[in-house]
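So you can see what is in the structure, the chains are spelled out below.
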Amino acid sequence: MFHNLMERFEVEKMKMSENGEQGKKEEHVLEGKQQQQQQLGGVRTMPFILANEVCDRFGVSGFHANMITYLTQVLNLPLVKASNTLSNFGGTSNFTPLIGAFVADSFAGRFWTIIIGSIIYVLGMVMITTSAVLPQLRPPPCPTQENCQEASNKQLSVLYAALLLTSLGTGGLRPCVVTFAADQFDMSKMKTESGSWNFFNWYYFCMGVASLLALTVVVYIQDNVSWAWGLGIPTIAVGLSVVVFILGSSLYKKIKPGGSPFMRVAQVFVAAVKKRNVVGPPDPGALYTNRELDANISTNGRLLHSDQFKWLDRAAVVADSDMKESSKPNLWRLATVHRVEELKTIIRILPIWAASILHVASHSHLGSFTVQQARSMDRHLSPSFQIPPASMSIFSTLTVLTGLPLYERLFVPLARWFTGNPVGVTCLQRMGIGFGINIFATIASALIEIKRKAVAADNNLLDKPTSIIPISVFWLVPQYYLHGLAEVFMSVGHLEFLYDQSPESMRSTAAALFWIATAMGNYMSTFMVTLVHKYTGEKRNWLPDRNLNRGSIKPINVISETGISDEDVESANNTKPLSNDAKEDKQVELVRT
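Cut-off values and rules
Residues numbered from 1 in each chain as written. Predicted model: local features only at pLDDT ≥ 70, side-chain atom pairs only at ≥ 80, totals over all residues. Heavy atoms only, no water. UniProt positions renumbered as here; feature names shortened; annotations may be inferred. Disulfide = S-S within 2.5 Å. Buried < 20%, exposed > 50% of the residue type's maximum accessible area, 1.4 Å probe, protein only. Axes fitted to C-alpha atoms, helices over the stretch in contact; angles between N-to-C directions. Helix = DSSP H or I, 4+ residues; strand = E, 2+ residues; numbered from the N terminus. Parallel < 35°, antiparallel > 145°, perpendicular 65-115°, else oblique. Left-handed = near helix turned anticlockwise from the far one by under 90°. Contact = heavy atoms within 4.5 Å. Pairing = 2+ DSSP bridges. pLDDT = per-residue confidence, 0-100. Core = buried A, V, L, I, M, F, W, Y, C linked by side-chain atoms within 4.5 Å. Expected span 1.5 Å × (residues − 1). Bend = angle between axes of the 7 residues up to and from the residue. Nonpolar A, V, L, I, M, F, W, Y, C, P; charged D, E, K, R; others polar. Polar contact = N/O pair within 3.5 Å; in protein donor to acceptor, adjacent residues only side chain to side chain.

Under an unreviewed UniProt entry, the name given to the protein chain is Protein NRT1/ PTR FAMILY 3.1, and the organism recorded is Sesamum calycinum. In the Subcellular location (unreviewed entry) part of its UniProt record, the protein chain is described as follows: "Membrane".

Have a look at this one:
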């Protein structure tokens, strides 16, 4: 018996020794993985990520900047239809990031989502470039822009398929690229410093440089060389962006996906509804927590309980029926405090997020109607050279490029002196300043259109849509400048606010929210344009299909406030009643007099 006890003791001792050695090995493996993870990422990954983004933004900007010209001048679509097509396409492109965020956060991870999205985007650009090369995929040219043959349904189907592919590709890129770049740094160390602001500002700065190149080089080629080359060059650039991004794959810090955030949000909400009659404990410490369950979604620490939206806390109240036979919680009946707080965080973000929708709607016309305005104005820099209409966007881009460094080096130190905040102003204050500037940008747009229409009336050009109005295109610069300045404050501040306030496991989703606000702004713009075009009549439509000179905003709107009526016009003319268009011309003359 004693001999058997000794043998059992030796066996247990050997097992303990083996377990101890195995535990040490696991600790060494874990430490090795942590050290390897710490060695990945950092500044050395930025050349690959930013080079990818520069090539991608160069291609995307070159593709979109002059698309209104391609639709109206090459495919011969009416202006309103072309504008709505672009707005709807922009809206779809900004909704698909929600799908990309779901894929990235659920199972694919940001790295692979970016690669797959880029490949799909390239396929879409190859398709639309092909349509520009092959004559059978576009209608006959119509230089007079009168009685033009529109693109057929077959030709439009190629366009829509290409736009759909680019929209799907965009869904994989937009929610992941900026968050993937931010993942390469320890952003938690930058919360109280201007370092995180540096990252987002300079990220936006690099995107501005790429857009500037596209708005000058690519747009010039599209207007003066050919659309085949004008669309082919952006396609090549986007293809190169994929190659550059893959070359740096061994250096990236790749955070594993922690499961679908949408599923977790739904589970918390359903659990709270099922327990709507349950009374929560007076001590929040009694609510359900599970470190092991939340390990993959709380690598930087778990969220603490908050007193807001207490009705959601019911989802974390433990009941006997909440546990399965395997002692694991039924997540549709029981959620951890961390998961409840994730949902609370998203709810807190939503009001600020929604405020940006109208901001987008107010300047969505810059890529359509404002380009058509520029086309009708004097764009000559010299007798032999004139600015392409779509290149006018460079003034917004230049404002962003100069505004971001000035913001960082001049505005932040000055604001810090007043506020005592290390980053100058908070994200919300920065966004508020952007909203204020955008109001003045919209006012400038209206005043400049009134001026353009008045000059057209003075020169009897209201009924000549293809004629050049003798007014410099640089009258449009103030509105481009103000919109660019608003973006320096509003867009960058909004993007950082969403990243900073969202839980670590939902940052791709937060980035997707940024683009969804843009999508809803584009759709709202389409809705307003459609209503105005449909209900303002055929004879004096505010947004006519072919002749923007007969649209609004027009001098008659301002003249009506001066007290000059239709009868005054007819009396001054001393003739029979005038037509609507003739009345408008005469009213302009009366105001001048």
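A complete count under the given rule lists one disulfide for this structure. Disulfide partner of C142: C148, at an S-S distance of 2.0 Å. With the S-S bond torsion at -70°, the cross-link from C142 to C148 turns out left-handed. For C148, a relative accessible area of 16% translates into the label buried.

Let us now look at the packing of helix 3 (residues 67–74) against helix 4 (residues 79–133). As a packed pair, helix 3 and helix 4 sit with axes 4 Å apart at the nearest point and diverge in direction by 140°. With respect to helix 4, the element helix 3 is oriented oblique. Classified by chirality, the crossing of helix 4 by helix 3 is right-handed. Two secondary-structure elements touch here, helix 3 through M67, I68, Y70, L71 and T72 and helix 4 through L79, A82, S83, T85, L86, I128, S131 and A132.

What follows covers the pairing of strand 4 (residues 469–472). Burial along strand 4 is one-sided: I469 and I471 are buried, and none of P470 and S472, which face the opposite way, are. Summarising the sheet, strand 1 (residues 377–378) and strand 4 pair through two bridges and their orientation is parallel. From the neighbouring strand, M377 faces strand 4, where its bridge partner is I469.

As a further point, take the confidence of the model for the protein chain. Caution applies to low-pLDDT parts of the model: their predicted coordinates are not meant to be read in detail. Overall, the predicted model of the protein chain reaches an average pLDDT of 78, with 82% of residues at or above 70. Below a pLDDT of 50 lies the segment residues 1–9, which in the model reaches zero contacts outside its immediate sequence neighbourhood of four places, other chains included.

What follows deals with the nonpolar core. Side chains of nonpolar character tend, in soluble globular proteins, to be buried together. I49, I114, F180, F245, W353 and L498 are the most contacted members of the largest nonpolar core, which totals 52 residues. The element contributing the most residues to this core is helix 14 (residues 477–501), with 10 residues. Apart from the residues lying within four places of it in its own chain, the contact partners of I114 are G172, L173, C176, V177, F180 and F245.

Listed under "transmembrane region" (unreviewed entry) in the UniProt record, and renumbered for this structure, are residues 111–137, 157–181, 202–221, 227–247, 385–407, 427–448, 468–492 and 512–532. Annotated as residues 111–137, this span is 85% helix and 0% strand, and its ends, taken at the C-alpha atoms, are 36 Å apart. Taken end to end, residues 512–532 is 100% helix and 0% strand, and its two terminal C-alpha atoms sit 30 Å from one another.

Here we take up helix 10 (residues 337–363). Working note: α-helix, 3.6 residues per turn, so residues spaced by three or four point in the same direction. Taking 1.5 Å as the rise per residue, helix 10 with 27 residues should run 39 Å; its terminal C-alpha atoms sit 41 Å apart, in good agreement. Largest kink in helix 10: about 35°, centred on L350, with the proline P351 one to four residues after it.

So, on to the packing of helix 9 (residues 261–274) against helix 10. In contact at an axis separation of 9 Å, helix 9 and helix 10 are set at 100° when each is read in the N-to-C sense. By the angle class used here, helix 9 and helix 10 are roughly perpendicular. Within the contact between the two elements, helix 9 uses R264, V265, Q267, V268 and F269 and helix 10 uses R339, V340, E342 and L343. For the contact of helix 9 with helix 10, the per-class residue count stands at five nonpolar, one polar and three charged.

In this fold, V455 is placed in helix 13 (residues 427–458). Given the relative accessible area of 13%, V455 is considered buried. The spatial distance from the C-alpha of V455 to the C-alpha of P470 is 7.2 Å, given a sequence separation of 15 residues.

This part covers the side chain of Q184. Relative to the assigned elements, Q184 resides in the loop between helix 6 (177–183) and helix 7 (195–224). Assessed through its relative accessible area of 2%, Q184 is described here as buried. Here F180 takes part through its backbone oxygen, which lies 2.9 Å from a polar atom of the side chain of Q184. Separated by 2.8 Å, the side chain of Q184 and the backbone nitrogen of K253 make a polar contact. In this view, Q184 contacts G41, G42, T45, M46, I49, L251, Y252 and K253; residues no more than four positions away in its chain are not counted.

In this section: helix 4. For helix 4, spanning 55 residues, the distance from its first C-alpha to its last is only 23 Å, which falls clearly below the expected 81 Å at 1.5 Å a residue. The largest bend in helix 4 amounts to roughly 125° and is located at A108.

Our next topic: the side chain of T345. Relative to the elements of secondary structure, T345 occurs in helix 10. Not counting residues within four places of it along the chain, the set of residues in contact with T345 comprises L303, Q501, S502 and P503.

Moving on, we get to the environment of F185. Relative to the helices and strands, F185 is located in the loop between helix 6 and helix 7. Along the backbone, F185 and L40 are 145 residues apart, and their C-alpha atoms lie at a distance of 9.6 Å.

Turning to unusual backbone geometry, a few remarks are in order. For N76, which is not a glycine, the phi torsion comes out positive at approximately 60°. Relative to the helices and strands, N76 is located in the loop between helix 3 and helix 4. Owing to a relative accessible area of 0%, N76 belongs among the buried residues under this scheme. Positive phi values are uncommon outside glycine, yet F309 reaches one of about 50°. For F309, the position within the fold is in the loop between helix 9 and helix 10.

Turning to its location among the elements, F102 is positioned in helix 4. By relative accessible area, which is 34% here, F102 ends up partly exposed. Along the chain, F102 and M263 lie 161 residues apart, while their C-alpha atoms are 9.5 Å from each other.

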